[in-house]
Amino acid sequence: WVSRIDSFFIETEGDEQTKDFQQTQALVAIQNGGVAGVGPGKSTQRSILPFSSSDFIYAIIIEEYGLFGGIIALLFYLILMFRAIRIALRVESVFGSLLTIGLMFSLVFQALINMLVSVEVLPVTGQTLPLISMGGTSIVFSCIAIGIVLSVSRDATDRTYEKA
């Protein structure tokens, strides 16, 4: 694992195989997408890129929907975090507040890691994009986390109605 990390940060001259095949194909998908994208379902890299439906789904989103689609996907996760912060501020319980912030931070952080891997800022980690990637346990635990946050928010909204 050390050599993989070193090969990510150290560029060797004359060796064209230093980049990972998955990373190279993800960058090709991002380049094909451009600003406006090629259109939904018209991705050419989906069949070439390994794990295109899980690890590199953000690259496929950018290829199909362009830079605007990628920014919108990022904004959805930031809105999710903003809403979790609002819920945490309304809850009277410190535990509910910390639980909400912790669960949503881990979900949004996982999404940011996936996005940064797709655009080659971080080395390939294998993190899925929550709520979008195809995956069994990832979607189950993401839904459980959102369910817990919704349960905490229900308690917060009930208390605001009782005070009114």
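The rules behind each value
Residues numbered from 1 in each chain as written. Predicted model: local features only at pLDDT ≥ 70, side-chain atom pairs only at ≥ 80, totals over all residues. Heavy atoms only, no water. Helix = DSSP H or I, 4+ residues; strand = E, 2+ residues; numbered from the N terminus. Expected span 1.5 Å × (residues − 1). Polar contact = N/O pair within 3.5 Å; in protein donor to acceptor, adjacent residues only side chain to side chain. Patch = residues over 30% accessible without salt bridge, like charges linked within 9 Å, V, L, I, M, F, W, Y side chains within 5 Å. Areas by Shrake-Rupley, 256 points an atom, 1.4 Å probe, with all protein chains shown as cover. Salt bridge = Lys/Arg side-chain N within 4 Å of Asp/Glu carboxyl O. Buried < 20%, exposed > 50% of the residue type's maximum accessible area, 1.4 Å probe, protein only. Contact = heavy atoms within 4.5 Å. Core = buried A, V, L, I, M, F, W, Y, C linked by side-chain atoms within 4.5 Å. Phe/Tyr/Trp six-rings, centres within 6.5 Å; stacked < 30°, edge-to-face > 60°. pLDDT = per-residue confidence, 0-100.

Section: helix α4 (residues 94–118)
Next, step 1: Its 25 residues give α4 an end-to-end C-alpha distance of 36 Å, which sits within 8% of 36 Å, the value for a rise of 1.5 Å per residue.
Next, step 2: At the N-terminal end of α4, a side-chain oxygen is found 3.3 Å from the backbone nitrogen of Phe95, two or three residues along, and the residue is Ser93.
Next, step 3: Phi turns positive, to about 65°, at Glu120, one or two residues after α4.

What to know about a nonpolar patch on the surface
Next, step 1: A surface patch of nonpolar side chains, amounting to about 860 Å² of accessible area, comprises Val35, Leu67, Phe68, Ile71, Ile72, Leu75, Phe76, Leu78 and Ile79.
Next, step 2: Assignment of secondary structure puts Phe76 in helix α3 (residues 57–90).
Next, step 3: Overall, Phe76 belongs to the exposed group, its relative accessible area being 56%.

Some details on the environment of Arg46
Next, step 1: Here Arg46 is to be found in the loop between α2 (21–33) and α3.
Next, step 2: Taking the C-alpha atoms as reference points, Arg46 and Ala26, 20 residues apart in sequence, are found 9.4 Å from one another.
Next, step 3: With residues near it in sequence (within four places) discarded, Arg46 still touches Gly41, Ser52, Ile60 and Glu64.

Quick word on the nonpolar core
Next, step 1: Ranked by internal contacts, the top residues of the largest apolar core, which has 18 residues, are Tyr58 and Leu129.
Next, step 2: When near neighbours in sequence (up to four residues on either side) are disregarded, Tyr58 contacts Gly70, Ile71, Ala73, Asn114, Met115, Ser118 and Leu129.
Next, step 3: Formed by ten residues, the second largest nonpolar core is a distinct cluster that contains Met81, Ile87, Met104 and Ala156.

Here's the deal with the packing of aromatic side chains
Next, step 1: A complete count under the given rule lists one aromatic pair for this structure.
Next, step 2: For the pair Phe105 and Phe109, a centre-to-centre distance of 5.6 Å together with 15° between the ring planes defines the contact as stacked. Taken together, the positions of Phe105 and Phe109, both in helix α4 and four residues apart, correspond to about one turn of that helix.
Next, step 3: A relative accessible area of 48% places Phe105 in the partly exposed class.
Next, step 4: A residue is classified by how much of its surface remains accessible, and Phe109, at 44% relative accessible area, is partly exposed.

Some words on unusual backbone geometry
Next, step 1: A positive phi angle, close to 65°, is found at Glu120, a residue other than glycine.
Next, step 2: By the element assignment, Glu120 lies in the loop between α4 and α5 (136–163).
Next, step 3: Even without being a glycine, Leu131 presents a positive backbone phi close to 70°.
Next, step 4: Following the sequence through the fold, Leu131 ends up in the loop between α4 and α5.
Next, step 5: Note on Leu131: relative accessible area 38%, which makes it partly exposed.

So, the confidence of the model for the protein chain
Next, step 1: The pLDDT averaged across the protein chain works out to 83; a share of 85% of its residues lies at or above 70.
Next, step 2: Ranking the helices and strands of the protein chain by mean pLDDT puts α4 first, with 93, and helix α1 (residues 2–9) last, with 66.

Looking at the environment of Ile30
Next, step 1: Structurally, Ile30 can be placed in helix α2.
Next, step 2: Sequence separation of Ile30 and Ile62 is 32 residues, and the distance between their C-alpha atoms is 5.7 Å.
Next, step 3: If sequence neighbours within four positions are ignored, Ile30 has contacts with Ala59, Ile62, Ser118 and Val119.

Points about the side chain of Thr100
Next, step 1: Of note, Thr100 is situated in helix α4.
Next, step 2: Relative accessible area serves as the criterion here: at 1%, Thr100 is assigned to the buried category.
Next, step 3: If near-sequence neighbours (up to four positions away) are discounted, Thr100 is found in contact with Ala84, Ile87, Ala88, Val149 and Val152.

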